[in-house]
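# Fold and contact review
Letter by letter, the chains look like this.
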Amino acid sequence: MAEMVEKPRAPHTRGVARTLITAYGMVVYAIFLIVFVYAIGWVEGLVVPHTIDDGPDAPVVVAVVIDLALLTVFAMQHSVMARPWFKRRWTRIVPQPMERSTYVLFATAALALLMWQWRPLPEQIWNVENTSVRVALYAVSLGGWALVLAATFAIDHFDLFGLRQVLRNQSGKSALPSAFRTPMLYRVIRHPLYAGFVIAFWVAPTMSWGRLLFAVGTTGFILVAVRFEEHDLVDTFGDDYRTYRSRVPMLVPRIGSRAR
Ligand SMILES: C[S@@+](CC[C@H](N)C(=O)[O-])C[C@H]1O[C@@H](n2cnc3c(N)ncnc32)[C@H](O)[C@@H]1O
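Residues numbered from 1 in each chain as written. Predicted model: local features only at pLDDT ≥ 70, side-chain atom pairs only at ≥ 80, totals over all residues.

## Brief notes about the UniProt feature "transmembrane region" (unreviewed entry) in the protein chain
- The UniProt entry lists residues 21-40, 60-80, 101-118 and 138-163 under the feature "transmembrane region" (unreviewed entry), expressed in the numbering used here.
- Secondary structure content for residues 101-118 is 94% helix and 0% strand, and the end C-alpha separation is 25 Å.
- A distance of 31 Å separates the end C-alpha atoms of residues 138-163, which is 88% helix and 0% strand. (UniProt positions renumbered as here; feature names shortened; annotations may be inferred. Helix = DSSP H or I, 4+ residues; strand = E, 2+ residues; numbered from the N terminus.)

Structural data, given as structure tokens:
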């Protein structure tokens, strides 16, 4: 085994491996985009054939148990695989440049599983009938999704989804260290991406019990995830992040606050 490790690798093998890693990163990103766009339609009940309010029938208690289990799988995958201790162990198995793409692949699988196996609770809690108000609510909700997308670009879209890592590896460069950023939206609140999800999930012209369960579950997860994420950000960026946290609110902008 030791002999195999020490054996020099032919340059063309490394080249092929790099190309395969790049292809992997790109395929994962493409799959993520398709599933994510589908998820917008699934939550909003727009365009796609299968939405949050349809799927296999189940008694209410069974549906709640299955849906909570699916939300837990989703939350655990995001929480555990994002932690630095997990990444350190994981990159002993998965090559470093593939780590983020693999995270994205597992996150996409957890989301696809959730949508596929979700048990509907379609009874309505509210249903706005006025067309103008419905359109306005859809616009705000879709604005939440747009905020999610804008936040990914503000932080670093291609780094968040693993493409930068595989492309740097392709050109023989090592991974960039994490950089602390407070661009645009991040001067108003610390977590615009999560705020976008909260807006998208809660602002609904029609709120079923199923969508409410989804909104409560994901919002609860976000409130916990923020604490883990900020703990890691303080570990990485120290006083820069502490000062930022003391100046900028978490999810709700301060009235009258100015971007710095
Ligand atoms: C899915 S993004 C969510 C970012 C942020 N929580 C939000 O809601 O906008 C999670 C990644 O963003 C990184 N991150 C969060 N805030 C950051 C900042 N101000 N500068 C650089 N990276 C940040 C975290 O370390 C984590 O890897």
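## Quick notes on the confidence of the model for the protein chain
- Of all residues in the protein chain, 93% have pLDDT values of 70 or greater, and the mean over the chain is 93.
- In the model, residues 1-13 has pLDDT below 50 throughout and makes 1 contact with residues more than four positions away in sequence or in other chains.
- Across the whole predicted complex the pTM is 0.92, and at the interface the ipTM reaches 0.98. (pLDDT = per-residue confidence, 0-100. Contact = placed C-beta atoms within 7 Å.)

## Considering the environment of Val27
- Relative to the helices and strands, Val27 is located in helix α2 (residues 11-44).
- Judged by the 12 C-beta atoms lying within 10 Å of it, Val27 is exposed.
- In sequence terms Val27 and Ile40 are 13 residues apart; their C-alpha atoms lie 20 Å from each other. (Buried ≥ 20, exposed ≤ 12 C-beta atoms within 10 Å, placed from the backbone.)

## Details of the site of the ligand
- Around the ligand lies a shell of 13 residues, among which Ala151, Arg181, His191, Leu193 and Tyr194 are the nearest.
- The set of elements that each furnish at least two residues to the shell around the ligand consists of α6 (131-155), α9 (192-202) and α10 (209-237).
- If you tally residues by element for the shell around the ligand, the top one is α9, at 3 residues.
- Grouping the amino acids of the shell around the ligand by side-chain chemistry returns 9 nonpolar, 2 polar and 2 charged. (Near = placed C-beta within 6 Å. Nonpolar A, V, L, I, M, F, W, Y, C, P; charged D, E, K, R; others polar.)

## Section: helix α3 (residues 60-81)
- For α3, with 22 residues, the first-to-last C-alpha span of 31 Å sits near the 32 Å given by 1.5 Å per residue.
- Looking at α3, one finds that the buried residues are Ala63, Asp67, Leu70 and Leu71. What you see down the axis of α3 is that its buried residues fit within an arc of 95°, all on one side. For α3, exposure combined with an orientation more than 90 degrees from the buried face picks out Val61, Val62, Leu68, Ala69, Thr72 and Met76.
- Against the buried residues of α3 lie α5 (99-117) and α10. (Expected span 1.5 Å × (residues − 1). Arc of directions from axis to C-beta.)

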